[in-house]
Each structure stands twice: as structure tokens, then as C-alpha cells.
Amino acid sequence: MSFNPKFSIGQIISIDELKAEFQVGNCGSIRKSTENECFVLISNHTSKTKEYKDNWQGDIFYYEGMSIKDKKLQGQNKALAENVLPAYLFEVLKNKEYTYQGQVKLAGEYEVQEITCKDGTTKDIIIFPLKKVN
């Protein structure tokens, strides 16, 4: 099955439109659509709780996956790292506005980074280098 979302690159949509098109829930930065056999990646630049800031460096987007424990790759992080399903990226640059960036894939090996949280504790996160699929 080949899923082809109806959105154009750069199009701004609501969460309700995103949920309806991709058949995903409302929580998490990596959302799996069983119906469409794909992942939806949400990079929320407006989040006040996120310590690592996803960012573009040239044509590579450095995306923070879900938090990990004991440096173990599991769940949706593992599936994303193994390129099991196609992934579609949305960036939230303004509250409640989801900008469609298109389909992305891994551009290299993921990296585990230890970061210091705002409360002074540390945690491990996975950073995925992604690039747009032509």
C-alpha cells in the first residue's frame, strides 16, 4: 500500500485535519498510523518543555525521537531507525498550526545524546538526521 497525503509542502493545517488524513491520535511526537502504514513526526518548536530543539542544518533535519532508558532503542524509535515505514514530517512554528514538510527518511545513523533538563536532571535522547524524500 502506498499512502499519498493530500497536503502540499508548506501547507499549514490544523490538528484535526492531520488526525483525519493520517488516522492518528492526538499525543506524541512520533505517531503511528496503522491504517495508512506510516509514521507522522511532529516537531513542535513552540513547546516550552522540550530541552532539545529540532533544527535544520542545510537539507538535514535533526529530530528528537522519544525519550529512551538505558540507551536502548525500542518502540517507535526503533521502527523509525530501521526505516520500517514511511515517515511524514510536520513542524509547529506557531501554536496549533502544523506545517507539512513532506515525506522524510533517515539521512544517516541516529545519535544518542545526554542532555541536561531544565530541572537539572539528565536524560538520554535520540537524534535522527532526516532528509526530505524527492
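Attention here is on the structure that accompanies the text. Just so you know, the residues in each chain are numbered from 1, in the order the chain's sequence is written. Reporting in this predicted model follows two pLDDT cut-offs: at least 70 for local features of residues, and 80 or more for side-chain atom pairs to be given and counted; totals over whole chains, interfaces and linings ignore these cut-offs and use all residues. No hydrogens and no water enter the side-chain calculation; it runs on all heavy atoms of the structure.

### Details of the layout of surface pockets
And then number 1: Using protein atoms alone on a 1 Å grid, points that fit a 1.4 Å probe yet trap it form a cavity, whereas open point sets bounded by protein on both sides within 12 Å along at least five of seven lines form a pocket; residues with an atom within 4 Å of a point count as lining. Grid points are joined across faces, edges and corners, and a volume is the space filled by probe spheres set on the points. Each pocket or cavity is described by its volume, and for the largest pocket that value is around 260 Å³.
And then number 2: Lining the largest pocket are 14 residues, and of these Ser 29, Ile 42, Asn 44, Ser 47 and Lys 50 lie nearest its centre.
And then number 3: When grouped by side-chain class, the residues that make up the lining of the largest pocket number two nonpolar, seven polar and five charged. Residue classes follow a fixed rule: Ala, Val, Leu, Ile, Met, Phe, Trp, Tyr, Cys and Pro count as nonpolar, while Asp, Glu, Lys and Arg count as charged, and any other residue, Gly among them, counts as polar.

### Here's the deal with the packing of aromatic side chains
And then number 1: Pairs were defined over the aromatic rings of Phe, Tyr and Trp, the Trp ring being its six-membered one, requiring ring centres within 6.5 Å. Orientation was assigned from the angle between planes: stacked under 30 degrees, edge-to-face over 60, tilted for the rest. Applying the stated criterion across every chain yields a total of eleven aromatic pairs.
And then number 2: Aromatic side chains Phe 3 and Tyr 88 sit 6.0 Å apart centroid to centroid with 90 degrees between the ring planes, which places their arrangement in the edge-to-face category. Linking Phe 3 in the segment before strand 1 (12–13) with Tyr 88 in strand 6 (residues 87–94), this pair joins segments that are 85 residues apart in sequence. An identical accessibility class is assigned to Phe 3 and Tyr 88; each is buried.
And then number 3: Judged by centre distance (5.1 Å) and plane angle (45 degrees), the ring pair of Phe 90 and Tyr 100 falls under tilted. Taken as a pair, Phe 90 in strand 6 and Tyr 100 in strand 7 (residues 97–106) lie far apart in primary sequence, ten residues in all.
And then number 4: Counting every residue linked through ring pairs, the aromatic cluster contains Phe 3, Phe 7, Phe 22, Tyr 88, Phe 90 and Tyr 100. Per the convention used, a helix needs a DSSP run of H or I reaching at least four residues, while a strand needs a run of E reaching at least two, with both numbered from the N terminus. Whether a residue is buried, partly exposed or exposed follows from its accessible area with a 1.4 Å probe, protein chains only, as a fraction of its type maximum: under 20%, in between, or over 50%, in that order.

### Points about helix 1 (residues 15–22)
And then number 1: Among the residues of helix 1, those classed as buried are Ile 15, Leu 18, Glu 21 and Phe 22. Looking straight down helix 1, one finds its buried side chains confined to an arc of 135 degrees; they lie on one side.
And then number 2: Contacts are residue-level and defined by heavy atoms, with any inter-residue pair within 4.5 Å sufficient. Contacts from the buried residues of helix 1 go to strand 1, strand 2 (30–33), strand 3 (38–44), strand 6 and strand 7.
And then number 3: Of the residues flanking the end of helix 1, it is Gln 23, one or two places downstream, whose phi is positive at about 60 degrees. In this context, the arc is that of the directions from the helix axis out to the C-beta atoms.

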